[in-house]
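Listed here are the chains, written in short residue letters.
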Amino acid sequence: MGEFYLPERGYFAWQQPFFFLAGERGAVLSFFGEIVYAVVGERDEVDRVAVRSRIPVRAAEVVETPEKFWLLKERNFSLKWDALNEWTWVYDSLARRYRMMKGIEEVEPKPTLLWQEGWKPKIWGKDYFAAAKVGLPQGQRWFYRLAEEMPKLAEWRIRVVYVSGALESDADHRREEFLPGSLCFGSVCAPWRLEVSPFMGREEGLRHLCQEAHRYGIKIVLWSTPAHLSNSSPLLGDHPEWLAWRADGKPEHFGYGDITGVSLRRGYFEYVIRQYEKVRKTTGFDGV
């Protein structure tokens, strides 16, 4: 397969880090027996590949080193497309396993509209959230305006609308509400809580949008980033045990200055599922 080098880093891998490589001698897959943050890296050294994994050890708690599994397959993957097909099979198999573990339903792709207008719409010629912060009437907030577009989207045979900015984030708060030194700047990608955005139209607005969409056979999917929170999120102060730690002992921030990673263990995962279920029950959205 030629020279291969992957620098050592986290690779957003603290969901479930695993290593895969396929070449002329076969394929190898390595993964941990449980969800854990690990820094993984590998380097092609002549006729072999050196693999390195680092797992954080926290002095404040006793953490067993998770079991690591290795699967080998002897086959000649002489073409990169053969290797890619094998990787796709591995990825789909692992994803299927985790969906079954958590009871998550897989839905086949359908004609989908990525609706980014809730982020920075140009209809008013200025930032939407800035308009909302000066007291935009509830009936003019974005969920209601998007609901008015459902007949047109139905004519286009759109069956899924993928909505960004639907849940509370830095964009819903003024700069004076950000913690000093937080580096927050109003990003919709920096969640505060997994609650419906007040400036998009609150739960009643999202419920209205879902009802209108369903009248036309359209599903509403919410874009959400629950694996990190805004540095100014009150949840981090209330639950410091939810913080995600890098292998070097520093909080995970994925290279961004305004967010902090949160662990999908220690109670945070249960909070995520509970909030999604609550919002879905009160609004009727179809997926995330």
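Residues numbered from 1 in each chain as written. Predicted model: local features only at pLDDT ≥ 70, side-chain atom pairs only at ≥ 80, totals over all residues. Heavy atoms only, no water.

Asks: How should I be thinking about the environment of Cys184 in this particular structure?
Replies: Mapped onto the elements of the fold, Cys184 is located in the loop between strand S9 (167-169) and strand S10 (191-196). For the pair Cys184 and Ser230, spaced 46 residues apart in the sequence, the C-alpha separation amounts to 7.4 Å. In contact with Cys184, not counting residues within four places along its chain, are Asp170, Arg175, Phe178, Ser230, Asn231, Ser232 and Asp258. (Helix = DSSP H or I, 4+ residues; strand = E, 2+ residues; numbered from the N terminus. Contact = heavy atoms within 4.5 Å.)

Asks: Would you mind showing me how to read the packing of aromatic side chains here?
Replies: One pair of aromatic rings is described through two measures. These are the centre distance and the angle between the planes. Per the stated rule, a full pass over the model turns up five aromatic pairs. Ring centres of Phe20 and Trp87 lie 5.5 Å apart, and the angle between their planes is 45°; this geometry places the pair in the tilted category. Here Phe20, found in strand S2 (residues 18-23), pairs with Trp87, found in helix H1 (residues 80-102); they are 67 residues apart in sequence, far enough to count as distant. Under the relative-accessibility criterion, Phe20 is labelled buried at 16%. Between Trp242 and Tyr268, the ring centres sit 5.2 Å apart and the planes meet at 65°, which makes this aromatic pair edge-to-face. In this pair, Trp242 is assigned in the loop between helix H6 (234-238) and strand S13 (259-261) and Tyr268 in helix H7 (residues 268-283), connecting sequence segments 26 residues apart. Here Trp242 falls in the buried class, since its relative accessible area comes to 6%. Aromatic rings pair up to connect Phe20, Trp87 and Tyr91 into one cluster. (Phe/Tyr/Trp six-rings, centres within 6.5 Å; stacked < 30°, edge-to-face > 60°. Buried < 20%, exposed > 50% of the residue type's maximum accessible area, 1.4 Å probe, protein only.)

Asks: Which parts of the structure should I look at to understand empty space enclosed by the protein?
Replies: Leftover empty space is mapped by rolling, across the atoms, a probe with the size of a water molecule. Evaluation of the coordinates by the stated rule reveals two cavities of 30 Å³ or more. In this structure, the second largest cavity occupies an estimated 70 Å³ of space. In terms of lining, the second largest cavity is formed by Gly165, Ala166, Leu167, Glu168, Ser169, Val188, Pro191, Leu194, Trp223, Ser224 and Thr225. Mapped onto the lining of the second largest cavity, the elements with two or more residues apiece are S9 and S10. (1 Å grid on protein atoms, 1.4 Å probe; cavity = no way out; pocket = protein on both sides within 12 Å on 5 of 7 lines; lining within 4 Å. Points joined across faces, edges and corners; volume = space filled by probe spheres on them.)

Asks: In this structure, what is going on with the pattern of salt bridges? I would like to understand it.
Replies: Side-chain pairs of opposite charge can arise where the charged atoms are in close proximity. Under the definition given, this model contains five salt bridges. Between Glu86 and Lys73 there is a salt bridge, with the nearest N and O atoms lying 3.3 Å from each other. With Glu86 in helix H1 and Lys73 in strand S6 (residues 68-73), the pair connects residues that are 13 residues apart, well separated along the chain. Close ionic contact of Glu168 with Arg193 constitutes a salt bridge, the shortest N to O distance being 2.9 Å. One end of the pair, Glu168, is in strand S9; the other, Arg193, is in strand S10, with 25 residues separating them in the sequence. Its relative accessible area of 29% is what places Arg193 among the partly exposed residues. (Salt bridge = Lys/Arg side-chain N within 4 Å of Asp/Glu carboxyl O.)

Asks: Even after reading the chapter, I still don't get the pairing of S2, so can you show me in this structure?
Replies: Strand residues, when the strand is regular, have side chains that alternate between the two faces of the sheet. Burial runs high along S2: five of the six residues are buried. Pairing analysis gives six bridges linking S2 to strand S3 (residues 26-32), with the strands arranged antiparallel. Residue pairing for S3: Gly23 is matched across the bridge by Gly26. Between S2 and the antiparallel strand that follows it, S3, lie two residues. (Pairing = 2+ DSSP bridges.)

Asks: What should I look at first to understand a nonpolar patch on the surface in this one?
Replies: A cluster of nonpolar side chains, contributed by Leu79, Trp81 and Leu84, occupies part of the molecular surface with about 330 Å² of accessible area. Tracing the chain through its elements places Trp81 in helix H1. For Trp81, a relative accessible area of 52% puts it in the exposed group. (Patch = residues over 30% accessible without salt bridge, like charges linked within 9 Å, V, L, I, M, F, W, Y side chains within 5 Å. Areas by Shrake-Rupley, 256 points an atom, 1.4 Å probe, with all protein chains shown as cover.)

Asks: Would you explain the packing of helix H5 (residues 202-215) against H7 in this entry?
Replies: Packed helix pairs are characterised by how far apart their axes lie and by the angle those axes make with each other. Where H5 meets H7, the closest approach of the two axes is 8 Å, and the angle between their N-to-C directions is 60°. Listed contacts from H7 to Glu203, Leu206, Arg207 and Cys210 of H5 are Lys278, Val279, Thr282 and Thr283. Partitioning the contact of H5 with H7 into residue classes produces three nonpolar, two polar and three charged. (Axes fitted to C-alpha atoms, helices over the stretch in contact; angles between N-to-C directions. Nonpolar A, V, L, I, M, F, W, Y, C, P; charged D, E, K, R; others polar.)

Asks: How should I be thinking about the sheet that holds S2 in this particular structure?
Replies: One key point about sheets: their strands pair by backbone hydrogen bonds, in either a parallel or an antiparallel sense. Strand order in this open sheet of three strands is S2-S3-S6, and the pairing throughout is antiparallel. This sheet does not close on itself; its edge strands, each paired only once, are S2 and S6. Between one strand axis and the next, the sheet turns by 5° as a mean value, whatever way the strands run. Along the sheet face, H1 touches S2, S3 and S6 and points at about 155° away from the line of S2.

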